[in-house]
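Working through the structure, step by step
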Amino acid sequence: MFFFFKKTLWITLFCGLGLLLHAQTGNLSPGKIAGVVRDAETGEGLPFVNISLADTLVGTVSGQDGAFELDALPEGRYALIVSFVGYRQQTLEHVRVVPGETTRVAFELLPMSLITNEVIVTATRKPQAARLAPASIGLVTSQQLREKNITTFDQAFDEVPGVVVTRSSGANVQAFSIRGASEVAGGGIGNRVLLLIDGRPALSPESGGALWTLVPVNAIERIEVVKGAYSSLYGSSAMGGVVNVITRNPSPESQTRVNLNYGFYNRAPKSTGYERYNDFYTAEMSTSRSLGRFSYLFDAGWKHNDGNREKSAFDLYNFFSKMGYRLNGNRNLQLSFNANRIKNDTPATWLSRRQAYSVADFRKDDYQDRRENNADPYYYALPNASVKYSTRFFYYHNYSKYTFDDDPGNDSTNVNFGKQVVAASSVRTQRLGNVSQVDWHPNERHYLIAGTDIKADKVVGLPDTVLYGEHEAISLGAYVQDEITFSKKLTATLGARIDHYRIFGEFQETNFSPKLAWVYQLKKDFSVRMLLAQAFRNPAIAERFIKFEQGGGLRFLPNPGLRSEKLVFSGEVGSKIQLAINTTLDAAVFYNRYNDLISFQQLSKPLEPLLYEVINLKKAVMQGFEVSLSQHWGNFLRANIGYTWLDASDVSEGRLNDELAYKVRHTLSASATASYGNFILNLNGRYRSQIREVFIYPGNEPGAAFILNAKLTYQLAGKHSLYLAADNISNTQYEELERYRMPGRNYTLGLTMDF
């Protein structure tokens, strides 16, 4: 069945592209050129914009509604130049004109003040200013990534308010949570945050989680973090929010960048008895260029890390490419390809609190080898002044191999101890899908979007006596949204999505996700927003069909009929205020009520072998408030501070207490970047309060911790730069997950060269 859908989708791809390519000549009407110019931030028409034909004296200006016309043009192909003070100039080449008819075009100009990544696309699936988004937004730009010592993708979120990343090592993210949404279950299970890469779903089908460390940092242009229930646009898993990675586009001019660094960890405290010297290094290179209508970007990297303790080493390989081709008119083709591989030690718990850097001998021959590849062709066009359409096909493949007896000569392995029943296991997943969308802007009051989202999955987990065997599934989704502008001050968004999920021969379910949001702009520098929505998450294949958990030696009874988790009510009220010309404050209160959360239920009786089943059991409420403040003093100093308070409570019937495991009540982050001459200094820190309840090793709850980092960059001659970074300056000994010691103080020296 999977291969039927695979073949169908590829046939649809080629037929669809053929129709779209054919349409580019059929839709271009000859005679005169007519169109409209809009602000990419607000969607409003721009008056008095200069429109001219390249290499001629022919030109005009747009009217009050942004519309324009160029009459009496001879037959031929023209380059249309659009420019306006305060906006980025655009050129549309190969506009065909034939006497007697009209060629229609449309432009969306990006304000110069917004070119520095203040425009977002994730909150409403269309470009808009972050200050006008109907939800709380976190932004991480490529500039911020360079200013800080970000080595793996998960580290980019350490200072985003409301986001908590829980790691067992530098290569293993156990949970990624927005406002407490996700569970800490390992392997991505219990994930309630949707990861997108350029709008493409990037969750692994078997676990429903993301391989957060595998996203290539060097290829990122910006990261958009949308907080709150967003199943109305994105379907399953968008319960806590959506993370959308916007990758770099090819540069107009030839550009090559090389990044090299070397670093090492401080020696472990003498009391631990761990004396090994551990270091790490990185080599990355990217090249980009545009050649007429064709453009390309290639990026490759290798990271080696010994780890800060036993069983935390890894080698990470990334390759990313993006190629584009401009067709006639406002039509574009794009192809992206990404290949990642990480070979790492399987993280293991400490021997004891005193021996926090050492692990048991039987864990020393456990390893993981994970590979993922994806490719997605993308087509988008603005055929006329009121319509935009796009379609993206994507293919995802993931293969993971886990070995638990890599050294057969080691008689103390888990297999011999009986904790694990096989020496190796593997998971292979494939996903083929398509996301297509039409934007229709019939008038100044309405902006409608409608789209479809199709995914076909195949998962094979072997051996099936331990994992989940072979399963195929399909997910069908359709969504619609209308952004209604009642006045210059009030904008409302109404949206809904329906999703049908089916595991062939096992289970099927349909979910409906509505949303209502509005933004009221009291003043130009003061806006208020509200979001009301529902969301859901389909349980992953691993949760439904797992039979044995290798790490803890736990046996499970499969439960194919596991129902979707439901966010039955999600509400947020927030405000963004520009307190001064250099100061912006964002604040929000939120309330989320969950039903049918997945939990483990013990089936075995006392003195019997332990047997569990995964069931829909829990109800929970997660509420709190969030505040962030940003300031800048010209180009000399920029500062940000954010705080989140979370009250996460178990409200299930028959509960032992009100605590939910692994929830962090208080998080605080701060960052400051100063520039002087050729020097750039960044200081950033984060605080987490103590975790009050865990379920893996009760009594070992991670304590409160504050981590301070610094990076100093010196601009050399030309575009080259030299940098020195120190992370965890105070050498704080801490855990994010109980019994997994995180890195102490470490140093990095690096060189970045641009050509």
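**Observations regarding the overall build of the protein chain**
Helices and strands together make up the secondary structure of the protein chain, namely five helices and 42 strands. For the protein chain, the proportion of contacts with a sequence separation of at least 24, taken over those separated by at least 6, is 63%. For the protein chain, the accessible surface area stands at approximately 31400 Å², while carbon and sulfur atoms represent 58% of it. A distance of 2 Å separates the average location of the 80 positive side-chain charges in the protein chain from that of its 74 negative side-chain charges.

**Examining the nonpolar core**
In terms of nonpolar packing, the biggest core is built from 46 residues, with Phe153, Phe157, Phe176, Leu195, Ile223, Tyr230 and Val243 touching the most fellow members. Elements with a contribution of two residues or more to this core: β11 (163-169), β12 (172-178), β13 (193-197), β15 (220-227), α3 (231-234), β16 (241-247) and β25 (446-462). When residues no more than four places from it in sequence are discounted, the contact partners of Ile223 are Gly138, Leu139, Val140, Phe153, Ala156, Phe157, Val243 and Asn244.

**A look at the pattern of salt bridges**
Following the criterion strictly, the structure yields 45 salt bridges and no others. Two residues, Lys32 and Glu69, come together in a salt bridge whose shortest N-O distance is 3.4 Å. With Lys32 in strand β1 (residues 32-39) and Glu69 in strand β4 (residues 67-70), the pair connects residues that are 37 residues apart, well separated along the chain. Judged by its relative accessible area of 26%, Lys32 falls in the partly exposed class.

**Concerning the environment of Pro698**
Tracing the chain through its elements places Pro698 in the loop between β37 (679-688) and β38 (705-715). A relative accessible area of 58% places Pro698 in the exposed class. Each C-alpha atom, one on Pro698 and one on Glu738, is 8.7 Å from the other, the two residues being 40 residues apart in sequence.

**Here's the deal with the environment of Gly699**
Considering the arrangement of structural elements, one finds Gly699 in the loop between β37 and β38. Gly699 gets classed as exposed once you look at its relative accessible area, which sits at 59%. Expressed as a C-alpha distance, the spacing of Gly699 and Glu738, which sit 39 residues apart in the sequence, is 9.1 Å.

**Describing the pairing of strand β20 (residues 314-326)**
Here strand β19 (residues 294-305) runs beside β20; their pairing, made up of twelve bridges, is antiparallel. Counterpart to Asn305 in the pairing with β20 is Phe314. Of the strand pairs in this sheet, β20 and strand β21 (residues 331-345) are connected by 13 bridges, and their pairing is antiparallel. Within β21, the position partnered with Gly324 by the bridge is Gln334.

**Thoughts on the packing of aromatic side chains**
Counting across every chain of the model gives 22 aromatic pairs. With a centroid separation of 5.5 Å and 40 degrees between ring planes, the pair formed by Tyr296 and Phe298 is classed as tilted. With a relative accessible area of 18%, Tyr296 lands in the buried category. Across the ring face of Tyr367, the terminal group of Lys311 is positioned such that the distance to the ring centre comes to 3.9 Å. One residue, Arg392, lies across the ring of Tyr378, its end atom 4.0 Å from the ring centre.

**A word on the sheet that holds β13**
Reading across the sheet, the five strands line up as β10-β15-β16-β13-β14 and stay open at both edges, with mixed pairing between neighbours. The open sheet is flanked by β10 (136-141) and β14 (200-201), the only strands paired with a single partner. With two bridges connecting them, β13 and β14 associate as antiparallel partners. Note that in β14 the partner of Ile197 across the bridge is Arg200.

**Points about the sheet that holds β1**
Taken together, three strands build an open sheet; the order of strands is β4-β1-β7 and the sheet is mixed. The open sheet has two free edges, formed respectively by β4 and β7 (102-109), since each of these has just one partner strand. Neighbour-to-neighbour, the strand axes of the sheet open up by a mean angle of 20 degrees, direction not taken into account. Examined bridge by bridge, β1 and β7 share eight bridges and lie parallel to one another.

**Concerning unusual backbone geometry**
Between Leu462 and the following residue, Pro463, the backbone shows a cis peptide bond with an omega angle of -5 degrees. Positionally, Pro463 belongs in the loop between β25 and β26 (469-485). The residue Ser237 is not glycine, and still its phi comes out positive at about 80 degrees. Structurally, Ser237 is set in the loop between α3 and β16. Unlike most non-glycine residues, Asn731 shows phi in positive territory, near 55 degrees. Structurally, Asn731 can be placed in the loop between β39 (721-727) and β40 (735-737). With relative accessibility at 22%, the residue Asn731 sits in the partly exposed group.

**Digging into the side chain of Asp647**
Inspection of the secondary structure puts Asp647 in strand β35 (residues 637-650). A relative accessible area of 16% places Asp647 in the buried class.

**What about a nonpolar patch on the surface?**
Nonpolar side chains collect at one region of the surface, where Phe679, Leu681, Leu683, Leu712, Tyr714, Leu716, Leu722, Leu724 and Leu749 lie side by side and expose about 730 Å² of accessible area between them. At the level of elements, β37, β38 and β39 are the ones that each hand at least two residues to the nonpolar patch. Ranked by residue count, the leading element in the nonpolar patch is β37, at three residues.

**Some details on the confidence of the model for the protein chain**
Of the residues in the protein chain, 91% have a pLDDT of 70 or more, and the chain-wide mean is 88. Contacts of residues 113-117 to residues separated by more than four positions or lying in other chains number ten contacts, the stretch itself having pLDDT below 50. Below a pLDDT of 50 lies the segment residues 414-418, which in the model reaches 14 contacts outside its immediate sequence neighbourhood of four places, other chains included.

**Notes on the side chain of Lys148**
Note that Lys148 resides in the loop between α2 (142-147) and β11. In this structure the side chain of Lys148 is engaged in a polar contact, spanning 2.8 Å, whose partner is the side chain of Glu159. Ignoring anything within four residues of it in the chain, the contact list for Lys148 reads Glu159, Ser671, Asn682, Asn684 and Lys711.

Parameters at a glance
All residue numbers refer to position in the chain's written sequence, counted from 1. Local features are withheld for residues below a pLDDT of 70 in this predicted model, meaning they are given only at 70 or higher, and side-chain atom pairs are given and counted only at 80 or more; totals for whole chains, interfaces and linings count all residues. Only heavy atoms go into the side-chain values, all of them from the structure, while hydrogens and water stay out. Strands are runs of DSSP state E lasting at least two residues, helices are runs of H or I lasting at least four, and both sets are numbered from the N terminus onward. Between two residues, a contact is recorded if the distance between any of their heavy atoms is within 4.5 Å. A 1.4 Å probe and the Shrake-Rupley method give the accessible areas. Residues count as covered only by the protein chains that appear here. Charged residues are defined narrowly, with Lys and Arg counted positive, Asp and Glu counted negative, and His plus the chain ends left uncounted. Note on charges: their place is set at NZ of Lys, CZ of Arg, CG of Asp or CD of Glu. Put simply, buried Ala, Val, Leu, Ile, Met, Phe, Trp, Tyr and Cys residues joined by side-chain atoms within 4.5 Å make one nonpolar core. Using a 1.4 Å probe on the protein chains alone, a residue whose accessible area is under 20% of its type maximum counts as buried, one over 50% counts as exposed, and one in between counts as partly exposed. Salt bridges are identified by distance alone: a Lys or Arg side-chain nitrogen within 4 Å of an Asp or Glu carboxyl oxygen. For two strands to be treated as a pair, DSSP must find no fewer than two bridges joining them. Only Phe, Tyr and Trp rings take part, Trp by its six-membered ring, and two of them pair if their centres are within 6.5 Å. Stacked means planes under 30 degrees apart, edge-to-face means over 60, and tilted covers everything else. Lysine and arginine charges are scored as sitting over a ring when NZ or CZ, respectively, is within 6 Å of the ring centre and within 35 degrees of the ring normal. Orientation is described by axes fitted as lines to C-alpha atoms, over the contacting stretch for helices, and by angles from 0 to 180 degrees between their N-to-C directions. Like charges are joined within 9 Å and nonpolar side chains (Val, Leu, Ile, Met, Phe, Trp, Tyr) within 5 Å, but only among residues with over 30% relative accessible area and no salt bridge; these make up the patches. As a per-residue measure, pLDDT reflects the predictor's confidence and takes values from 0 up to 100. Two N or O atoms form a polar contact when they lie within 3.5 Å of each other; inside protein one atom must be a possible hydrogen donor and the other a possible acceptor, and for residues adjacent in sequence the pair counts only when both atoms belong to side chains.

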